[in-house]
Each structure stands twice: as structure tokens, then as C-alpha cells.
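Spelled out from the first residue to the last, the chains are:
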Amino acid sequence: MKEMFDCDLLAFAPHPDDAEICCGGLLASMSAKGYQVGLVDMTLGECSSRGTVAIRQDEAKNASEILGLTFRINAELPDCGISADGSAILPDGESQIERIVRIIRRHRPQTVALPCQSTRHPDHRAASELLTRAIFLAGLRNFKSHCGEAHTALQTIYYQMRFAFRPSFIVDITAVAEQKMAAIRAHKTQFGLDGNNSELPATLASSALSLSSVIARDSYYGMMIGCPSGEPYLVKNVLRLDDPCEYFKQCPGKGALFFPDELTG
Ligand SMILES: [Zn+2]
């Protein structure tokens with residue numbers, strides 16, 4: 001019988017660099033606390049307008065070291081070809097959902113982080129849907145039993161990409177904010193930091209305000225919880241809280257500097 005969980009947090013990212021931008025603070029923060037933190041890049045980013053697969057792999061390795069990840073693997077789904085229902089077949093004959101279910105069952109995460117569905121790149125939307133399906137189906141013992149022993153994560157959390165949502169909770173990442181930005185900058189080709197890109201097409205990531213927009217967003221969410229830098233997360237269930245007095249004492253909700261909208265009621 002396997003241990004219930006083999007890693008504390010497993011994040012999935014459609015392309016190498018997405019996790020650094022969207023949940024890099026959480027990954028660095030949990031790693032610093034000594035948790036087992038894994039990252040799965042779903043594609044190699046071979047359709048990227050900037051950088052080769054080999055260079056991007058090197059950049060991802062450097063970023064992983066900066067974040068202090070326990071492991072980082074690549075699912076090698078096709079870039080710009082992630083299938084939302086996971087039925088597309090990969091070159092080795094395995095379907096996309098089989099590949100993802102196999103990874104979940106192999107690493108047995110306690111918490112899974114994945115992109116929120118409201119996002120811009122079709123791969124990001126498809127990845128969110130595929131992962132949501134795979135996380136559920138990985139827990140069914142008779143679903144693709146050749147892909148490993150069934151595993152159900154304790155919690156699924158969605159990270160924000162380009163479109164904002166009202167977060168279920170915000171993580172204070174102030175202590176690792178510099179680490180997060182260094183991990184993002186490790187993706188030099190994507191952010192136009194490789195010094196040899198004048199002829200390459202401009203992209204959203206390589207635009208002048210790209211890095212400062214990440215800092216601005218983290219400041220915005222940090223202010224909601226009264227700290228300099230925060231990352232927003234969404235859960236689709238209601239979180240249970242049995243001892244509000246103790247929780248608020250340990251993690252005070254007071255101190256918010258900014259209230260983005262009126263609460264209902
Ligand atoms: Zn992406």
C-alpha cells in the first residue's frame with residue numbers, strides 16, 4: 001500500500017514559465033518551508049516565438065533551482081495542441097488524459113495547483129479543463145487502471161493567469177518576491193533578456209511592461225491582505241474553518257490596505 005501523499009504541492013503549467021509568473025511565489029514559499037513541491041510543465045513550448053526547446057529547458061532548470069523545487073518534469077503534450085477532454089493521442093499511443101492521470105498517480109500530491117479556466121491562450125483554457133478532469137478521474141480506481149493506483153488530492157487550487165478573478169484566498173509571498181522575479185527572469189528568451197533578440201517577434205511576455213505588470217499585480221493582491229506582495233488563488237469548494245478565533249489570531253485578516261469592491265450584502 002502506498003503512502004497517501006508523495007508530495008505536498010504539485011503545480012501544473014501549460015508552458016515552461018507560466019508557473020513562475022502565476023504561482024512562483026507559492027512554489028518558492030512552500031519550498032522554503034520544507035514541503036515537497038513539484039512542477040509539471042505540460043508542454044515543451046515548441047511553438048514559442050522566442051527561444052528553442054533546448055534553451056527553454058535550460059531556462060526552466062535554472063528557474064527550478066531558484067524556486068527550490070523538489071522536482072520538475074515535462075509531460076510533453078503538444079504545444080498549441082492541449083486537448084481539453086484529453087482524448088488526443090500522443091506519439092507513444094497514450095492519450096493526453098492518460099499521461100496526466102499517470103503523473104498524478106505517480107506523484108500522489110496533497111494539493112494540486114492549476115490554471116484558472118478564464119484565460120487567454122487556448123492551451124491555458126484547455127489545460128485547465130483537462131487537468132480538472134484528470135484530477136477527478138485519477139481518483140477512480142477503475143479509470144485507466146493501467147496508469148497507476150487511484151489517487152485523490154486533498155485540494156485543487158486555481159491560479160490566476162491573464163484574467164482577474166475574485167480570490168478565495170491570497171498567499172503572502174513578500175518573503176520570496178525577489179526569488180519569484182529571479183525565477184521569471186531566468187526565462188531569458190521569453191522576457192527579452194537574452195541580449196540577442198532584436199529580430200525576434202515581440203510577444204506579450206517580452207513587452208516592456210511585462211515584468212513590472214507581475215510586480216504590480218502581486219502588490220495589488222498583497223494590499224488586499226495588508227502585505228507588500230501576494231498571489232491570488234481560487235477554490236471551487238467552500239473552505240472549512242472550525243476555529244475562527246484561533247485562525248484570526250494566527251493569521252489576522254485585519255490590516256488590508258485596499259478593498260477592491262464591496263462585499264455582497
Ligand atoms: Zn503559457
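These figures come from a predicted structure and were not determined experimentally.

Draft legend 1. Structural context of the overall build of the protein chain. Helix and strand counts for the protein chain come out as seven helices and seven strands. Ordered by position from N to C terminus, the α and β elements of the protein chain give β-α-β-α-β-α-β-α-β-β-α-α-β-α. For the protein chain, the residues scored as buried account for 42% of the 265 residues in total. If you take every contact in the protein chain between residues at least 6 apart in sequence, the share linking residues at least 24 apart comes to 77%.

Draft legend 2. Examining the sheet that holds strand 2 (residues 37-43) more closely. Strand order across the open sheet formed by seven strands is 3-2-1-4-5-7-6, with mixed pairing between neighbours. Single-partner strands in this sheet number two, and they are strand 3 (71-77) and strand 6 (169-172). Pairwise comparison of adjacent strand axes, ignoring direction, gives a mean angle of 30° for this sheet. Across four bridges, strand 1 (residues 7-13) lies against strand 4 (residues 109-115) in parallel orientation. Bridge pairing in strand 4 links Ala11 to Ala113.

Draft legend 3. A look at the pairing of strand 5 (residues 155-159). Direction of pairing for strand 4 relative to strand 5: parallel, over a ladder of five bridges. Bridge assignment links Thr111 to a residue of strand 5, and that residue is Gln155. Of the crossover connections in this fold, the one passing from strand 4 over helix 4 (residues 122-137) to the parallel strand 5 is right-handed.

Draft legend 4. Here's a closer look at the nonpolar core. Ranked by size, the top nonpolar core spans 63 residues in total, and within it Ala11, Leu27, Ile100, Ala113 and Ala134 carry the most contacts. Residue contributions to this core peak at eight residues, all from helix 1 (residues 18-32). Beyond its immediate sequence surroundings of up to four residues, Ala11 is in contact with Ala19, Cys23, Leu27, Leu39 and Ala113.

Draft legend 5. Representation of helix 2 (residues 53-67). Over its 15 residues, helix 2 runs 21 Å from end to end, which matches the ideal 21 Å to within 8%, given 1.5 Å per residue. Regarding helix 2, the residues found buried are Arg56, Glu59, Ala60, Ala63, Ser64, Ile66 and Leu67. Seen along its axis, helix 2 keeps its buried residues to an arc of 155°; they face one direction. In this structure, helix 2 carries Ala54 and Glu65 as exposed residues pointing more than 90 degrees from its buried face. Immediately downstream of helix 2, the backbone of Gly68 shows phi near 80°, a positive value.

Draft legend 6. Up close: the packing of helix 1 against helix 5 (residues 177-185). It is the contact of helix 1 with helix 5, at a shortest axis distance of 9 Å, that shows an interaxial angle of 135°. Classified by the interaxial angle, the pair formed by helix 1 and helix 5 is oblique. Helix-helix and strand crossings are classified by hand; for helix 1 and helix 5 the assignment is right-handed. Residue-level inspection shows Glu20, Ile21, Gly24, Gly25 and Ala28 of helix 1 in contact with helix 5, the latter providing Ala177, Gln179, Lys180, Ala183 and Ile184. Each residue belonging to the contact of helix 1 with helix 5 can be placed in one class, and the counts come to five nonpolar, three polar and two charged.

Draft legend 7. Structural detail: the packing of helix 3 (residues 96-107) against helix 4. Viewed as axis vectors pointing N to C, helix 3 and helix 4 meet at an angle of 55°, and their least axial separation amounts to 9 Å. With respect to helix 4, the element helix 3 is oriented oblique. Judged by the twist between their axes, the crossing of helix 3 over helix 4 is right-handed. In contact with Gln96, Ile97, Ile100, Val101 and Ile104 of helix 3, helix 4 contributes Leu130, Leu131, Arg133, Ala134, Ile135 and Leu137. Taken together, the residues of the contact of helix 3 with helix 4 sort by class into nine nonpolar, one polar and one charged.

Cut-offs and rules
Residues numbered from 1 in each chain as written. Predicted model: local features only at pLDDT ≥ 70, side-chain atom pairs only at ≥ 80, totals over all residues. Helix = DSSP H or I, 4+ residues; strand = E, 2+ residues; numbered from the N terminus. Buried ≥ 20, exposed ≤ 12 C-beta atoms within 10 Å, placed from the backbone. Contact = placed C-beta atoms within 7 Å. Pairing = 2+ DSSP bridges. Axes fitted to C-alpha atoms, helices over the stretch in contact; angles between N-to-C directions. Right-handed = clockwise from strand over helix to strand, strands pointing away. Core = buried A, V, L, I, M, F, W, Y, C linked by C-beta atoms within 7 Å. Expected span 1.5 Å × (residues − 1). Arc of directions from axis to C-beta. Parallel < 35°, antiparallel > 145°, perpendicular 65-115°, else oblique. Left-handed = near helix turned anticlockwise from the far one by under 90°. Nonpolar A, V, L, I, M, F, W, Y, C, P; charged D, E, K, R; others polar.

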